[in-house]
Amino acid sequence: MSCVSWLFALWSITAPSLLLVGLVGRQLGLRVGLQCVQAEACSRWSTPSNQGLFKDGDVVIGGLFTLHYQTPALDYDFTQLPQHKPCTGLERTLLQYMYAMVFALEEINHSSKLLPGVKLGYHIFDSCGLPRWALLATLSLVGGDSISCNSTDPPADSAGNGEAGGRPLPLIIGGASSTTSQILCRIIGPLSVPLISYASSCPCLSNRLQYPNFFRTIPSDTYQAQAFAQLAVHFKWTWIGAVVANNDYGLSAIKVFQEEIQEAGVCLAFVETLRREYIVSDATRAALTIQASTARVILIFNWYTDVRELFLQLTKLNVTDRQFLASEAWSTSSDLLKSRVTSKVATGVLGVAIRSSPLSRFDKFLRHLNPIHRPDDEFLRELWETEFGCSHRAELLFANSSPSLRSLPVNGTLQRVSLPPCSGTESLEEVQSHFTDTSQLRIAYNVYLAAYAAAHALHNLLSCPDIDRPAGSNVSTCSSPKNIQPIEILQHLNKVNFTTPQGELFYFQGGDIPAKYDLVNWQRTSEGPLKLVLIGRVDGFDLHLNESAIEWSTGSNQVPASVCSESCPPGTRKANRKGEPLCCFDCLPCAEGEISNKTDSLLCQQCPSEFWSNAKRTSCILRQLDFLSFNETLGITLTTAAVTGTCVTTAVFVVFLRNRHTPVVRANNSELSFLLLLSLKLCFLCSLVFIGRPSVWSCRFQQAAFGISFVLCVSCLKVKTIVVLAAFRSARPGAESLMKWFGPGQQRGSVCFFTSVQVIICAVWLSLSPPVPQPDLDNPGLKVTLKCTMDSVVGFSLVLGYIGLLACTCLLLAFLARKLPDNFNEAKLITFSMLIFCTVWVAFVPAYVSSPGKYAVAVEVFAILASSYGLLFCIFAPKCFIILLRPEKNTKKHLMAR
């Protein structure tokens, strides 16, 4: 491939992305291309220290792993190709991931069913956790490691010598971070080279339009965030704080989490972000926020090193009562589990972890690794030097030379130290380290799955299902391992569906795999460090949890509460606080007549009109009928007053009957006096009809009895007043014949006439629209008054109006006759009695209208009794006084005296 072609390909790859233009232009140097055009030969693309692990095969698979954690400073000379210093600080756990790929490929090579007759090789590079190094290594893998300006053919393979061959690789397993995977997919996407990541979990990578060549064996963080949302809902945590990484990993996850909890009644109390470059200050700020917040459950989406700094700051603040939810990036971190700082603040951590699965013979494979059997494995030699403190270089094994010099970390800094040669007896058999620990294979298992996915895609590509067909038929052409195109593997990767050696069904959904997680819990041990306990799993959207096995941050099995406001009990409703999240609210009791029978009810329901709320406002109960009863105090009082009035009236009647021939009784027509006493007795008795449970007949009778009795009473008084006026007028000269028009017959006829008018009014009213007993459902309260409802207010108004008309007329006539010259003028008594009568009934109207329930009936009864007593005492008390106590005044002479 010519240099011009390389530059055109590089430009077409990087042009769509400003990020990659900056990366390639700034870090690789666009001047490199110009140098290549001007030169007669192109130099090799520089790789990070050219350190890698290589094995040739019929099909070679690329690998990218972060094996070192200490990155050196880069020296740039923009007139030359970028040169790199070696990365240091071998990470044992990450080295285990690389050998998981080697183990899987060797296991596949020994399989008789998968890719029979085809040997898989590998070219593995260390990216040192830097995207720019991963980019250089990827370009080296997909383009061939050696390029000639004058030839378009790759050079011959050179396997086993520590260098990759010149043949481009059709597939890469790698991408330890989402950022790295995004960059690599943009670069190799136009070439259709598949990238299978074992640790890139950003939801953004699920976009098949932007990343059609990306696959991963780790679930998207979308599912992890959904699992946390399910846990929050399951344990009724409605007030949660969050601390996330300030990158795609943290920000994407918290966005999904917020979307999931939006309709579940869960709120975020705060969201703090941590930046790797300012971790101390950011962790301090986040720790202070956690301390000040009322949220007791804290969700953390961060890398374990950042979480370690956060826990350190929380320890300084003595914040030890929070329940932490751990993302997969730190939920299984052995460094945190063994830390004393962690045990103080992080007991009871509930975490989502990448599912773990055992790999048979992998432990034996790791422990049998030895530089003697793998002399070209630089990583294994470095592990030996770190683990055993000796050098296993080939020149020291076969010659007596001076000890090797090696850069090793001493007291936190890199120093050149001399290492003696190894004896050859060193072995990993008894070594206990992160590298040999296979009890929790999570990322390593993802690498294993990635290798098997690639192998099955190759198997389907290289299989010839129609090989046995006759020669004349359409026979499919089998691909050759030497001519495999990346796009062919890409097409078959989309369709892989197989069962792993562990019996698990594996397939891709787009570029993702179905969500499967372990749920883990950090629990105390008697030795001191925390231990990791499996307490459940997540399978898709199903949550399987053993709650009894969980040890919470409180040290007990009691689920900690984390709410901004306590749940509103039945009988209350939630009222949101202005300017605060929905999870912060007040609980307001339901109003009378309303209920809520659920916890955290948003609204109170109105009870039906026949029902009312109970005291707790949790249910509607049938309203109790209430009426003016004979058994209650008010009813007894009114009944007593009515019976007393009846008895007094009867006594007066007896007194008058026994003294009917005396002047006091005979004055002003004794017949009308007896009729008046009878009507007063009826007035007292009719009040009793208003007391007790209303019925159809009592409702009809009480108003008629009231109206007729009082009209009869007032009619008697009116006729008495007319008689008094007529008697005195007839004494004048020329008026002798006036009394003949007001004789006994005319008096009786007048009373009957006035009374008959009221009878007619009552008869018409009761026949057309009589009062009926109905509960008064319009008034609030558990007790509803059963009263006589008047559908026709006109009828009742006519009854009262007619009584008022007679009373006013009587009052006017009595007022005119009050100063007549007789010593005993009954007109004065009638005047006082009618004043009391009118006053009582004028006050009755507003009191009756404003009184609720049965008290309106009591007001009417009181008005009847008050007016009856007023008439009785004002008219008959003076007469009884003379009859019983002053008999000497009971003479005609005394009565006629002027």
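All of the points below concern the structure found in this document. (Residues numbered from 1 in each chain as written. Predicted model: local features only at pLDDT ≥ 70, side-chain atom pairs only at ≥ 80, totals over all residues. Heavy atoms only, no water.)

1. Observations concerning the sheet that holds strand E8 (residues 214-216)
In any sheet, the strands associate via hydrogen bonds between backbone groups, in a parallel or an antiparallel arrangement. Sheet architecture is open: 6 strands sit in the order E1-E5-E2-E6-E7-E8, paired in mixed fashion. Each edge of the sheet is formed by a strand with only one pairing partner; in this case those strands are strand E1 (52-55) and E8. Of the pairings in the sheet, the one linking strand E6 (residues 172-173) to strand E7 (residues 195-197) comprises 2 bridges and is parallel in character. Note that in E7 the partner of Ile172 across the bridge is Leu195. (Pairing = 2+ DSSP bridges. Helix = DSSP H or I, 4+ residues; strand = E, 2+ residues; numbered from the N terminus.)

2. A short note on helix H22 (residues 744-768)
With 25 residues, H22 ought to run about 36 Å at 1.5 Å a step, and its terminal C-alpha atoms sit 36 Å apart, in line with that. Among the residues of H22, Gln747, Val751, Phe754, Thr755, Gln758, Ile761, Cys762, Trp765 and Leu766 are the ones counted as buried. (Expected span 1.5 Å × (residues − 1). Buried < 20%, exposed > 50% of the residue type's maximum accessible area, 1.4 Å probe, protein only.)

3. Here's the deal with the nonpolar core
As a rule of thumb, soluble globular proteins bury nonpolar side chains together. Of all hydrophobic cores here, the largest spans 71 residues; its most connected members are Tyr99 and Leu493. Mapped by element, the contributors of at least two residues to this core are strand E2 (59-65), helix H4 (92-109), strand E5 (120-126), helix H13 (362-367), helix H14 (378-388), helix H16 (443-462) and helix H17 (486-493). If you tally residues by element for this core, the top one is H16, at 16 residues. Contacts of Tyr99, omitting those with residues within four sequence positions, involve Leu53, Phe362, Phe365, Leu366, Leu369, Asp377, Phe379, Leu380 and Phe435. By size, the runner-up hydrophobic cluster in this structure holds 68 residues, among which are Phe706, Met834, Phe844 and Ile875. (Core = buried A, V, L, I, M, F, W, Y, C linked by side-chain atoms within 4.5 Å. Contact = heavy atoms within 4.5 Å.)

4. Description of unusual backbone geometry
Not every positive phi belongs to a glycine, and Cys128 is a case in point at roughly 60°. Along the polypeptide, Cys128 turns up in the loop between E5 and helix H5 (131-143). With phi around 75°, Arg361 is a residue other than glycine that occupies positive phi space. Relative to the helices and strands, Arg361 is located in the loop between strand E13 (350-354) and H13. Since its relative accessible area comes to 55%, Arg361 is described here as exposed.

Any link to function would need more than the numbers given here.
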